[in-house]
Amino acid sequence: MAEFINKLFGSGNSEKTSNASSLAAYRTKRVISSVLISIFRYALLISVSYVVLYPLFYMISNSVKDLIDWSDPNVFWIPKHFTGLWYDWAMGALDFFNALKNTVLFELVAAFLEILSCSLVAYGLARFKFRGKSILMFMLILTILVPDQMIIIPKMMNFANLDLFGIIGLINKISGAGIRINILNTGFVFYLPSIFAVGLRSGIIIYIYMQFYKGLPRELEEAAWIDGAGLFKTYTKIALPSSGVVITTVSIFSIIWHWNDYYLAIMYMNDAEAMPLAVRLSNIQAVMTTLHNVWGGAKLTATQCAACILFIAPMLIMYIILQRKFVKSIDRVGITG
Amino acid sequence: MAKKDKISKPKKSIHARGIEALKERYGWICVAPWVFGLIIFFIIPIFQSFIFTFCKVTLVTGALNTKFVGLENLKYIFTVDQYFPDNLAAGVGTFAYSFPIILVLSLILALMLNQKFKGRVFFRAIYFLPVIIASGVILGTIIGDTSSVSNVSGTTDEAVSANMINVTELVEWTGLPEKIGEYFNDAITKIMNLVWKCGVQIILFIAGMQSIPDLYYEVSKVEGATAWEEFWFITFPSLSRVITLVTVFTMVELMTSQTDKVIKQAYNLISSQMFGESSAILWVYFCIIGAILGVILFAFNHFCAKKWE
């Protein structure tokens, strides 16, 4: 029996003592403590899981609940009357397909670019020693530290009047032409920083990549260099193919952060046509007031919940598909420093 | 070009010098686009934002007009603006209790999820979910305070989590005064809100723990160390870098969260085109948070990390 319990909940220590038959008392003590520990562990994990999943249950339950059930005190989680009305309203209020297109086109492409560019930068920082590297490492910490809100006003202004190193200003001065490049409300506000690896939370992504590349054995690359492979060959043929693990982790982070990004989008995208889902979702109350003359109460909450479900559904599906890979990849990314 | 270097240089000095020089060049090639991006999208905007703090900034069609006004903006936010001092106090206050709780909570959860037990993968998958289902926008929407951005002085109504577990009734049942029930309810609600912010931190901690060599634990087992000692003498010191990273990340996450009042106010000022005042608010706020961060990191490195090295 003790053996069985041992196997069921087995932690490393109890196995060791199992063949020492003379220590029966010690063994039972060990077994009892390990059982207690696992009961405690499951109790804690399950109760915290409830807290973690609560918003999801809340949103799902409220988004399919009919208006009659809202005033019924017997209904708590599972509604008696189902309705799809809230989803209809939410679709309309979000302008769902247009907003979804914007999110995919702007945010996800930016996430993809960021994943690529950060990898190269991190590779350079992790693999090579060069002058000025310590300054760059300091800058990396600074990019993690300084939030986007702090630099958003100048950035917005610079995007509204894009002028790299004053080249366009110079042309304008010489030729007198009033050329002005405004990239607000286009995808480039997200693409440009992402290409140069200074996009949304790029600092932390570079950091994770860097830790991984530091742990990757150098021998293969050294051999490739000696065989005459250049930088890009070693990078694309050796470093990238072996970094599948870290790419999984980083992609999930980057995609979810971009999907949920709201502050940058609300600043850059003031045109209703170009708004991504997150901005739409945050404006839903005002939209509901004009569309359905709903000011608050159950109708608004239900529609908001439905909209939230619509908003997270793609991410949730992606996560459920990639979840196994993601959880396994965490074990092997290896963040130490 | 690079190839030529590679072939010719090793002849001069046996491999080492040539490869080192080459590596330096490779390093710069890798990093060059990032450095360019840093200058354009990071360093210049920081300076601009700093200058805005001391300027009266007005919007003229397509461009900004800046006029130096000295400390006028700072004076405005501290004396004329009726909300800022309160918001600042609230922001720093929230931060003071959230930060340690998040750090400890995510470390405990990561420790539990790092052990071997049945359903580990399942629980790990669940514990990352808040990053998706309790993100800023969602909480901002369903927490009830939808007009969060336009509402400066409003209190955040934590309606969603208030229903989660009702401790008030439990306390009433035991016969203790009502105030204690309210207090407990408040505390638990707040802790639950914080659990939702632990997702990324747990992942980072687990990743850090996985990279500690098993050898250490085997040795400690042979030496007869208890789990408690194992944690304090192996896990915790090995995690010092990860803890630093998580500290920085949590800090930034907390102060830029949508429910943060100072950020909301700064956003409102931007909407009403008071760019200078907004910059001043953000700089003051981030200087304070940065100072706290500096103290925490210094203390951590000084008293904790060095001890076991």
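Starting afresh in each chain, residues are numbered from 1 along the sequence in its written order. Written order determines the labels here, with chains lettered from A and ligands numbered from 1. Whole-chain, interface and lining totals are the exception, using all residues; otherwise, since this is a predicted model, local features are given only for residues with pLDDT of at least 70 and side-chain atom pairs are given and counted only at 80 or more. By convention in this description, side-chain values take in all heavy atoms of the structure and omit both hydrogens and water.

### A short note on the overall build of chain A
Numbering of helices and strands runs from the N terminus, with a helix taken as a DSSP run of H or I at least four residues long and a strand as a DSSP run of E at least two residues long. From N to C terminus, chain A includes 18 helices and zero strands. For the C-alpha atoms alone, the extent of chain A along its principal axes is close to 95 × 75 × 30 Å. Accessibility here uses a 1.4 Å probe with only protein chains present; expressed as a share of the type maximum, an area under 20% marks a residue as buried, one over 50% as exposed, and anything in between as partly exposed. By the burial criterion, 53% of the 337 residues in chain A qualify as buried. Any two residues whose heavy atoms approach within 4.5 Å at even a single point are treated as in contact. Within chain A, contacts between residues separated by at least 24 positions form 72% of all contacts whose residues are at least 6 apart in sequence. Element-wise, carbon and sulfur atoms account for 68% of the exposed surface of chain A, whose accessible area totals about 15,400 Å². All accessibility values rest on the Shrake-Rupley procedure with a 1.4 Å probe; residue burial counts only the protein chains present in the view.

### Regarding the overall build of chain B
In terms of helices and strands, chain B carries 16 helices and two strands. Per-residue burial over chain B gives 49% buried out of 309 residues. Sequence-distant contacts, at least 24 apart, represent 65% of the contacts inside chain B between residues at least 6 apart.

### A few points about the domain arrangement of chain B
Residues and elements named next belong to chain B. Taken domain by domain, chain B holds domain 1 (2–53) and domain 2 (72–164 + 196–308). Every contact between the two is made by five residues of domain 1 and, on the other side, five residues of domain 2. Summing both partners gives a buried area of about 460 Å² for domain 1 against domain 2, and 60% of it is carried by carbon and sulfur. Note on definitions: salt bridges are taken to be side-chain nitrogens of Lys or Arg within 4 Å of carboxyl oxygens of Asp or Glu. Taken together, the connections running from domain 1 to domain 2 amount to zero salt bridges. Any N or O atom pair separated by 3.5 Å or less is treated as a polar contact, with the protein-specific requirement of one donor-capable and one acceptor-capable atom, and with residues adjacent in sequence counted only for side-chain atom pairs. Applying the counting criterion to the domain 1 and domain 2 interface returns three residue pairs in polar contact (both at pLDDT 80 or more). Basically, the charged four are Asp, Glu, Lys and Arg, the nonpolar ten are Ala, Val, Leu, Ile, Met, Phe, Trp, Tyr, Cys and Pro, and anything else, Gly included, counts as polar. Residue composition of the side of domain 1 that touches domain 2, by class: three nonpolar, two polar and no charged. Annotation comment: domain bounds sourced from an automatic or database domain assignment. As used here, buried area is the combined drop in accessible area, with a 1.4 Å probe, of two parts when they are placed together.

### Some points on the packing of aromatic side chains
Paired rings are identified among Phe, Tyr and Trp, the last through its six-membered ring, by centres lying within 6.5 Å, and are further divided according to the angle between planes into stacked (under 30 degrees), edge-to-face (over 60) and tilted (the rest). Enumeration according to the criterion identifies 42 aromatic pairs over all chains in this entry. Ring geometry for F159 of chain A and F41 of chain B: centres 5.7 Å apart, planes at 35°, overall tilted. With one member in each of two chains, F159 of chain A in helix α8 (residues 148–160) and F41 of chain B in helix α2 (residues 16–53) form a pair that bridges those chains. Here the two residues F159 of chain A and F41 of chain B agree in accessibility, since each one is buried. Both rings, one in Y319 of chain A and one in F128 of chain B, keep their centres 5.5 Å apart while their planes meet at 40°; by these two values the pair is tilted. One end of the pair, Y319 of chain A, is in helix α18 (residues 297–333); the other, F128 of chain B, is in helix α5 (residues 120–128), on a second chain. For the pair formed by Y319 of chain A and F128 of chain B, the shared burial category is buried. Among the aromatic residues, those joined into a cluster by ring pairs are Y123, F128, Y209, F212, Y213, W225 and Y235 of chain A together with Y26 of chain B.

### Some thoughts on α5 of chain B
In terms of burial, α5 of chain B is a largely internal element, seven of the nine residues being buried. By the burial criterion, the buried members of α5 of chain B are R120, F123, R124, A125, I126, Y127 and F128 of chain B. Where α5 of chain B is buried, its residues meet α3 (24–64), α14 (244–260) and α18 of chain A together with α4 (84–114), α6 (130–133) and α11 (199–210) of chain B.

### What to know about the nonpolar core
As used here, the term nonpolar core means buried Ala, Val, Leu, Ile, Met, Phe, Trp, Tyr and Cys residues forming a set that is joined through side-chain atoms within 4.5 Å. Counting 196 residues, the largest nonpolar core has Y213 and Y268 of chain A together with W34 and F128 of chain B as its most contacted members. The greatest single-element share of this core, amounting to 18 residues, is contributed by α18 of chain A. W34 of chain B has contacts with V121, L125, L136, L140, F196, A197, V198 and I206 of chain A, leaving out every residue within four places of it along the chain.

### Concerning unusual backbone geometry
Despite not being glycine, A197 of chain A has its phi angle at roughly 60°, a positive value. Looking at the element boundaries, A197 of chain A is found in the loop between α10 (188–195) and α11 (202–215). Although it is not a glycine, Q273 of chain B adopts a positive phi angle of roughly 60°. Inspection of the secondary structure assignment puts Q273 of chain B in the loop between α15 (261–271) and α16 (275–305). Look at Q273 of chain B and you get partly exposed, because its relative accessible area is 43%.

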